[in-house]
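Structural characterization, general
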Amino acid sequence: MDAKRLVLIARWAGVGLCLAGIVAFYRLALNVNPTTVALTLLLFILFLAARLGLQYAVVTSFAAGAAYNYFFLPPIGHFTIADPQNLLALIAFLTTSVVASRMSSRIRRESADAIARQAELETLYRLSRALLETDKLLELTNNIPVAIALATDASAVVFYLLEGDRVYRAGGDMPTPVSMEELREMSHAQGPSMAADGESAIVPLRAGVRPRGVLLVRGVTLSAQSLEALGGLVSISLDRSQALEQVTKGEAAKESERLRALMMDSITHELRTPLTSIKASVSTLLSSSVSAEGARDLLTVIDEESDRLNRLVSQAVEMAQLDTQEVRMSFSAQSVEELIRSAMEANDAVLRDREVSVTLPNGLPKVDADPVWMQKVLGNLLDNAAKYSAPGKPIFVSAEARPGAVAISVADRGAGIDPMEQSLIFDKFYRASSQRQIVSGTGMGLAISRAIIEAHGGTMSVTSQPGQGSVFTFTLRTSAPAKT
Ligand code: ADP
């Protein structure tokens, strides 16, 4: 015999015993009037309606009516009723008990419904919060079954997506394994239903009106509406992260397209200018009788413009390498003075007619740096200082010790940079509007320099006043003293 049947038998037996107890108590122990008995029996029936349900209350009403008639209404010991008033009392008793039972049972059902609805709402709320935790589609798809299992206390969840024929699971196994073919078929169902095992809910998922997949949730007691809402929540969260990903992808594509266009502009312009000069110089050299001095001038132009081309191509390559983090830097303890000296030597051509004053405090610690890459950074800053200030204006190079680092600055008395543009000039290809037409450049130098400094664990910044000049400062970590 199963447990359910046993409980049922025990309940009926209990109810019968209680009824017999009340009757025996009033009949044998206490001598009370029939009204008191009727009210006690009514109370008992109301209690049954509230605790066990209508069925128990109605059956007990009739049993109580019969017992009341037999044991308490004259003639006692018979089912006949002598006084018509007592007959009326019995009918009133039966009607009251049946009506009151129905009412109390309905209230009981409604309150149980309300509690269940509230619990279901809480479950859906918990689930919606879990589904909103991530914006990434892949992460969300992986999390959905676990989130459902946690929110609904389901013992097993299977989440199937038609797109890509993918299945995700959480919890234990389904009692009977479900094939992909069955899942595909279930995805096309119209609304939630129960599976053949009687314990798993099948919740089809839709994207608009199109079937999207299905959820199999085992061991939950959610209403059909809540299951539908659960399916809706899952679909909305999938739509949401799909939309967010598309926006992000669209923005990334736009940004990369913008950079590509800027790069094409900058490189074609910068390539064309030196190539035009080289071509013109070579044509002149080939076509006419040029004096030895003229030929020397033209060859100098070709030499300088080839350098420019070379620098441009190197910058493009360096930037691509830094972007893809393909650069290998080898750091070692370097003297700041030495780094500055070698950068000045390498840029001798640019600084030839300049007064460059270098101010370094005594006892400056060594820094952790890759000398080859540092030469590029310092060379860039010195080149810019010369390019963006009038010939003859001085350039100042200085350094100071800071906690754990050394800050190196290159200052000029040039055009300066508009405050609005000071953070932008470190972006790739950005060239300040006031200088763009006057001085040639690619807009890559500072982006490269900053990337190199960041790879060294330092920072780079600028302070500038239009018309007064600019100071570019970067920091490098001091190198740890060698252990003895
Ligand atoms: P490029 O010099 O090739 O244009 P950079 O990345 O080196 O590229 O510099 C970006 C922009 O920052 C320059 O176009 C210029 O507008 C501005 N800039 C850089 N250095 C200075 C400076 N010392 N003085 C004024 N403006 C500068």
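Residues numbered from 1 in each chain as written. Predicted model: local features only at pLDDT ≥ 70, side-chain atom pairs only at ≥ 80, totals over all residues. Heavy atoms only, no water.

1. Regarding helix α1 (residues 3–29)
Cut-off, in case you're wondering: Only runs of H or I of at least four residues qualify as helices and only runs of E of at least two qualify as strands under DSSP, and these elements are numbered from the N terminus. Expected helix span is computed as 1.5 Å times (number of residues minus one). We call a residue buried when its accessible area falls under 20% of the maximum for its residue type, exposed when it is over 50%, and partly exposed in between, using a 1.4 Å probe and counting protein chains only. Residue contacts are counted whenever heavy atoms from the two residues lie within 4.5 Å of one another.
Between its first and last C-alpha, α1 extends 37 Å over 27 residues, near the 39 Å set by a 1.5 Å rise per residue. Along α1, the residues classified as buried are V15, L19, I22, V23 and Y26. Elements that come into contact with the buried residues of α1 comprise α2 (34–51) and α3 (54–72).

2. Quick notes on the sheet that holds strand β9 (residues 395–402)
Selection criterion: Two strands are counted as paired when DSSP detects at least two bridges linking them. Convention adopted: a line fitted to C-alpha atoms gives each axis, helices being fitted over their contacting stretch, and angles between N-to-C directions are expressed from 0 to 180 degrees.
A sheet is described by the order of its strands in space; here five strands give the open sequence β7-β9-β10-β12-β11, paired in mixed fashion. Edge positions in the open sheet fall to β7 (356–359) and β11 (460–465), since each of these has one partner strand only. Each neighbouring strand pair of the sheet contributes to a mean axis angle of 15 degrees, computed without reference to strand direction. Pairing of β7 with β9 involves four bridges; the strand directions are parallel.

3. Brief notes about the layout of surface pockets
Any space left empty among the atoms is revealed by the rolling of a water-sized probe across them. So the rule is basically this: A cavity, in this analysis, means grid points on a 1 Å lattice covering only the protein atoms where a 1.4 Å probe fits yet has no way out; a pocket is instead an open set bounded by protein on both sides within 12 Å along at least five of seven lines, and a residue lines either one if it has an atom within 4 Å of a point. Grid points are joined across faces, edges and corners, and a volume is the space filled by probe spheres set on the points. Side-chain classes are defined by residue name, with Ala, Val, Leu, Ile, Met, Phe, Trp, Tyr, Cys and Pro counting as nonpolar, Asp, Glu, Lys and Arg as charged, and the others, Gly among them, as polar.
Looking at the second largest pocket, its volume works out to about 240 Å³. Considering the residues around the second largest pocket, the lining is formed by 13 residues, among which L161, E163, R166, R212 and Q242 are closest to the centre. When contributions to the lining of the second largest pocket are tallied by element, the ones reaching two or more residues are α5 (137–152), β5 (210–218) and α7 (224–287). A per-class count over the lining of the second largest pocket returns seven nonpolar, two polar and four charged.

4. Considerations on the pattern of salt bridges
Quick reminder of the rule: Only one rule defines a salt bridge in this text: a Lys or Arg side-chain nitrogen within 4 Å of an Asp or Glu carboxyl oxygen.
Applying the stated rule across the entire model yields twelve salt bridges. D165 is the salt-bridge partner of R184, the closest N and O atoms lying 3.1 Å from each other. Here the residue R184 occupies a position in helix α6 (residues 180–187), and D165 occupies one in the loop between β1 (156–161) and β2 (166–171), the gap between them amounting to 19 residues. By relative accessible area, which is 31% here, D165 ends up partly exposed. Between E345 and R341 there is a salt bridge; the shortest N-O distance is 2.5 Å.

5. Topic: the nonpolar core
Most often, soluble globular proteins keep nonpolar side chains buried together rather than apart. The criterion, for reference: To define a nonpolar core, start from buried Ala, Val, Leu, Ile, Met, Phe, Trp, Tyr and Cys residues and group those joined through side-chain atoms within 4.5 Å. The start and end points of each domain follow an automatic or database-based domain assignment.
Among the nonpolar cores identified, the biggest contains 41 residues, and I408 and F474 are the most heavily contacted of them. When residues in this core are grouped by element, the largest group, eight residues, is from helix α11 (residues 371–387). Looking at this core, you find at least three residues from each of domain 3 (250–323) and domain 4 (332–477). With sequence-adjacent residues up to four places away left out, I408 is seen in contact with V336, I340, L378, S398, A399, F472, T473, F474 and L476. Within the second largest apolar cluster, 26 residues are counted, among which are A147, A149, A151 and V220.

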